[in-house]
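For reference, the chains in residue letters:
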Amino acid sequence: MPANFRLLRHSRALTRTHKAAVAGAATLGAAALAFTAAPGGAHTTTSADAVAAPVRIGSQPVKDVKADVTDQLAGGSVKIQAIEAKKQAAAQHKAQAAARHKAEAAARHKAEAARQAGKAASRSAARPQMQTVAAATSYGNNLDGWIRQSLAIMRQHNIPGSYSGLHRNIMRESSGNPMAMNGWDINARNGIPSKGLLQVIQPTFNTYHVPGTSANIYDPVANITAAANYAAHRYGSIDNVNSAY
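None of these values were measured; they are calculated from a predicted model.

So, about the layout of surface pockets. Taken as a whole, the largest pocket encloses approximately 380 Å³ of empty space. Contributing to the lining of the largest pocket are 18 residues, with E173, D185, N187, S194 and Q199 lying nearest its centre. Among the elements that take part in the lining of the largest pocket, helix α8 (residues 220-235) stands out by supplying 3 residues, more than any other. Partitioned by chemical class, the residues of the lining of the largest pocket number 9 nonpolar, 6 polar and 3 charged.

Structure below.
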């Protein structure tokens with residue numbers, strides 16, 4: 001093999017070795033330079049450690065501070081919500097109390113109105129009765145008063161008859177004497193004489209007696225009213241009677 005060929009090959013090998021040595025030397029130099037630049041007694045870190053370590057403020061990482069602020073904000077929001085809920089509950093309770101008071105006041109007003117209406121109805125019901133008594137006492141104790149009072153009672157019981165019809169028959173039967181009694185006709189011979197203003201026998205009086213009047217056949221008003229009731233049933237009205245009936 002020629003000498004120059006071996007020399008060329010050797011030269012190429014040295015070149016690769018030289019390159020490796022140079023790279024190693026550069027690395028060691030950079031490390032030495034970094035070590036030399038660090039303050040005395042300080043801990044030396046690599047560039048990888050410097051990049052990976054989190055930035056700290058005080059003794060806590062930034063991410064922990066951010067979490068604390070978020071928690072505080074969340075806690076404040078919960079407190080605000082609780083306060084608003086209490087306010088709403090208080091307002092609702094107040095509204096319910098006001099509605100309840102209003103309903104109670106309305107019920108009291110309604111009850112009072114009903115009570116006043118009841119009183120008014122009672123007074124109204126009592127008033128006609130008082131007027132009736134007053135009117136009854138205003139009738140004279142004579143034939144005119146007896147006839148008028150009888151007519152008032154007849155109207156209450158829907159018994160037909162007029163003043164003239166009653167007066168005409170009374171004058172024919174008894175001449176206006178409430179104590180008159182027939183002692184000679186067939187009724188008298190049978191033991192049931194005709195009595196009173198309209199000469200009514202006792203069985204007829206008992207049958208046609210009008211409630212609210214005296215049970216005494218000689219009572220003028222009771223006698224007239226019972227006789228008019230009997231005549232209404234048999235003749236249609238006392239006005240249709242013109243003779244003994």
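Let us now look at the packing of helix α4 (residues 143-156) against α8. Geometrically, a packed helix pair is captured by the angle between its two axes and the distance between the axes. In contact at an axis separation of 9 Å, α4 and α8 are set at 50 degrees when each is read in the N-to-C sense. Between α4 and α8, the angle is such that the two are oblique. Judged by the twist between their axes, the crossing of α4 over α8 is right-handed. Here W146, I147, Q149, S150, I153 and M154 of α4 come into contact with α8, specifically with P220, V221, I224, T225 and A228.

If you look at the biggest cluster of nonpolar residues, it comprises 27 residues, and the most contacted ones within it are I147, L166, I170, L198, I224 and Y245. Counting residues per element, the ones that place at least two in this core are α4, α5 (163-173) and α8. For L198, the residues in contact, after removing those within four places along its chain, are L166, N169, I170, E173, N223, I224, A227 and Y245.

Applying the stated criterion across every chain yields a total of 2 aromatic pairs. Consider the rings of Y208 and Y230, whose centres lie 5.4 Å apart with planes at 65 degrees: the pair is edge-to-face. One end of the pair, Y208, is in helix α7 (residues 202-208); the other, Y230, is in helix α8, with 22 residues separating them in the sequence. In this structure Y230 comes out as buried when scored by relative accessible area, which is 12%.

This part takes up α4. Because each turn of an α-helix spans 3.6 residues, side chains separated by three or four positions in sequence point in the same direction. With 14 residues, α4 extends 20 Å between its outermost C-alpha atoms, agreeing within 8% with the 20 Å of an ideal straight helix rising 1.5 Å per residue. Taken together, the buried positions of α4 are occupied by L143, G145, W146, I147, S150, L151, A152, I153 and M154. Those residues of α4 that are buried lie in contact with α5 and α8. Taking the backbone nitrogen of D144 as reference, a side-chain oxygen 3.2 Å away marks N142 as the first, capping residue of α4. Phi for N158, located one or two positions after α4, is positive at around 55 degrees.

Okay, the pattern of salt bridges next. Pairs may arise between side chains of opposite charge once their charged atoms sit close together. Summed over the entire model, instances satisfying the criterion amount to 3 salt bridges. A salt bridge links E173 to R172; the nearest nitrogen and oxygen atoms lie 3.2 Å apart. Given a relative accessible area of 22%, E173 falls into the partly exposed group.

Relative to the elements of secondary structure, V210 occurs in the loop between α7 and α8. Classification of V210 by relative accessible area gives buried; the value is 2%. Measuring from C-alpha to C-alpha, the distance between V210 and A227 comes to 9.7 Å, with 17 residues separating the pair along the chain.

Scoring rules and cut-offs
Counting starts from 1 at the beginning of each chain's written sequence and moves along it residue by residue. Given that this is a predicted model, residues contribute local features only at a pLDDT of at least 70 and side-chain atom pairs are listed and counted only at 80 or more, while totals for whole chains, interfaces and linings are drawn from all residues. Just so you know, side-chain values use all the structure's heavy atoms and leave hydrogens and water out. Think of a 1 Å grid over the protein atoms and nothing else: a 1.4 Å probe that fits but is trapped marks a cavity, an open set flanked by protein within 12 Å on at least five of seven lines marks a pocket, and residues with an atom within 4 Å of a point count as lining. Grid points are joined across faces, edges and corners, and a volume is the space filled by probe spheres set on the points. A helix here means a DSSP run of H or I that spans at least four residues, while a strand means a run of E at least two residues long, and both kinds are numbered starting from the N terminus. Residues are grouped as follows: Ala, Val, Leu, Ile, Met, Phe, Trp, Tyr, Cys and Pro are nonpolar; Asp, Glu, Lys and Arg are charged; every other residue, Gly included, is polar. Axis definition: a line fitted to C-alpha atoms, over the contacting stretch in the case of helices. Angles run 0 to 180 degrees between N-to-C directions. Any angle from 65 to 115 degrees is called roughly perpendicular, while one under 35 is roughly parallel, one over 145 is roughly antiparallel, and all others are oblique. By convention, the crossing between two helices is left-handed when the near helix turns anticlockwise from the far helix through less than a right angle, and right-handed when the turn is clockwise. Contact definition: two residues touch when any of their heavy atoms are within 4.5 Å. We define the nonpolar core as a collection of buried residues of types Ala, Val, Leu, Ile, Met, Phe, Trp, Tyr and Cys that are connected through side-chain atoms lying within 4.5 Å of one another. Only protein chains enter the area calculation, which uses a 1.4 Å probe; residues under 20% of their type maximum are buried, those over 50% are exposed, and those in between are partly exposed. Stacked, tilted and edge-to-face are the three classes assigned to paired rings of Phe, Tyr and Trp, where Trp is represented by its six-membered ring and a pair needs centres within 6.5 Å; plane angles under 30 degrees give stacked, over 60 edge-to-face, the rest tilted. By this rule the span expected of a helix is its residue count minus one, scaled by 1.5 Å. Each polar contact in these results corresponds to two N or O atoms within 3.5 Å; when the atoms are within protein, one needs to be able to donate a hydrogen and the other to accept it, and residues that are neighboring in sequence are counted only if both atoms are side-chain atoms. Salt bridge, as applied in this entry: a Lys or Arg side-chain nitrogen positioned within 4 Å of an Asp or Glu carboxyl oxygen.

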